[in-house]
Every structure is written in C-alpha cells, then in structure tokens.
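One letter stands for each residue in the lines below.
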Amino acid sequence: MSERIEKFCDDLKVQLNGIESHLLQVKEKLSTASKEAESTIKEKLEIAKAKLETKKQEVTTAKEKLAQRIEAKKAEVEAEVAEWKAQKAKDKLQKHAQEAEEYAIAAILLAAAAAEEAEVAVFEAIEARIAAEQDNVEYLKS
C-alpha cells in the first residue's frame, strides 16, 4: 500500500477507535446509571447536552459535506473513472481520491456525532423513567 493510503487508513482507524471508546463509555455509564441518584443523572445529562452542543457545528459541516459528496457522486459515472485511468489522467484521479477520502471522514464524523446524540437520548430516557417511577410511588402512597 502507498504511504498516503496507509495514512488515510490509520486516520480512519483513529476516528473509529474514538467512536468505539465513546460508545463503551456510554455503555459503562448506562450500566451504573440505574444505581445513581436523580441529581447525578441530571448532571450527566447536562454534561452530555453541552458536549453535543459543541459538536453541532461539526455535525452540520459533516452533513453538508455528505450532501455535496452525494450530489457529486451522482454526477460522476464509473465510465469517466475508467476513462481517466485509460488516459492516465493523474490529476483527475487524485482529485477523485481526495473527494472519496473527505467523504469517508465526513461519514465518520457524522457517526461520532450520532454516538454523542445517543448518549443524550440515553440520559433523557433514564431521567424520564425516574420521573415516571417517582410519580407512581407518590400515587401509590396517596
């Protein structure tokens, strides 16, 4: 493999490892969440929301890149790429490779943001369940 391909693959592995690590942290938080006090859950929810808010611009940019890439991909025809190869149009092939790499990175950023959003959803669900159970206990007491 060329150095550029190896670097690109290594960069993607780092991004994917980061997503995996984040999801493992969410899983760990979820396993202990049922044992925590409501205030702790609310605190974690606020922290998760803040992290998600900081990622929103990154997500918006990633979505825009994905949309642009999808449109570009529709316009692109495999025959053109084959023609570029036959003509040894290195510049066009380089640009095509660069765009494909940018698309892959944008897709990974979107997946990372989805993991952040999932964390917020988990804490919101737990918070809602706690509230529902508290209402049930109060109702049964009366």
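For the structure, check the block above.
Just so it is clear, the model here is predicted, and its values are computed rather than measured.

(A) Geometry of the overall build of the protein. In terms of regular secondary structure, the protein is built from four helices and zero strands. When the helices and strands of the protein are listed from N to C terminus, the series reads α-α-α-α. For the protein, restricting intrachain contacts to residue pairs at least 6 apart in sequence, the fraction spanning at least 24 positions comes to 84%. About 10300 Å² of surface is accessible on the protein, with carbon and sulfur atoms providing 56% of the total.

(B) Fine view of the nonpolar core. The biggest cluster of nonpolar side chains holds eight residues, and these are I41, L45, A48, L52, V120, F123, I126 and I130. Residue assignment for this core shows that the elements contributing at least two residues are helix 2 (38-75) and helix 4 (90-141). By size, the runner-up hydrophobic cluster in this structure holds five residues, among which are F8, L12, I108 and A112.

(C) Representation of the pattern of salt bridges. Within this structure, the stated rule accounts for six salt bridges. The shortest N-O distance in the salt bridge between E119 and K51 comes to 3.9 Å. One end of the pair, E119, is in helix 4; the other, K51, is in helix 2, and 68 residues separate them in sequence. On the accessibility criterion, E119 (2% relative accessible area) is buried. With its nearest N and O atoms 3.5 Å apart, the salt bridge here joins K56 to E53. One end of the pair, K56, and the other, E53, are both in helix 2, three residues apart, so they sit about a helical turn from each other. Linked through salt bridges whose partners overlap, the residues forming this network are R69, K95 and E99.

(D) How the structure looks around the environment of T60. Among the secondary structure elements, T60 is positioned in helix 2. When the C-alpha atoms of T60 and A113 are compared, they prove to be 9.9 Å apart, with 53 residues separating the residues in sequence.

(E) View of unusual backbone geometry. A positive phi angle, close to 55°, is found at K88, a residue other than glycine. As for its placement among the helices and strands, K88 is situated in the loop between helix 3 (78-87) and helix 4.

(F) Expanded view of the environment of R69. Here R69 lies in helix 2. According to the relative accessible area criterion, R69 is buried, its value standing at 8%. In the structure, R69 is positioned 31 residues away from A100 in sequence and 8.2 Å away in space, judged by C-alpha atoms.

What counts and how
Residues numbered from 1 in each chain as written. Predicted model: local features only at pLDDT ≥ 70, side-chain atom pairs only at ≥ 80, totals over all residues. Heavy atoms only, no water. Helix = DSSP H or I, 4+ residues; strand = E, 2+ residues; numbered from the N terminus. Contact = heavy atoms within 4.5 Å. Areas by Shrake-Rupley, 256 points an atom, 1.4 Å probe, with all protein chains shown as cover. Core = buried A, V, L, I, M, F, W, Y, C linked by side-chain atoms within 4.5 Å. Buried < 20%, exposed > 50% of the residue type's maximum accessible area, 1.4 Å probe, protein only. Salt bridge = Lys/Arg side-chain N within 4 Å of Asp/Glu carboxyl O.

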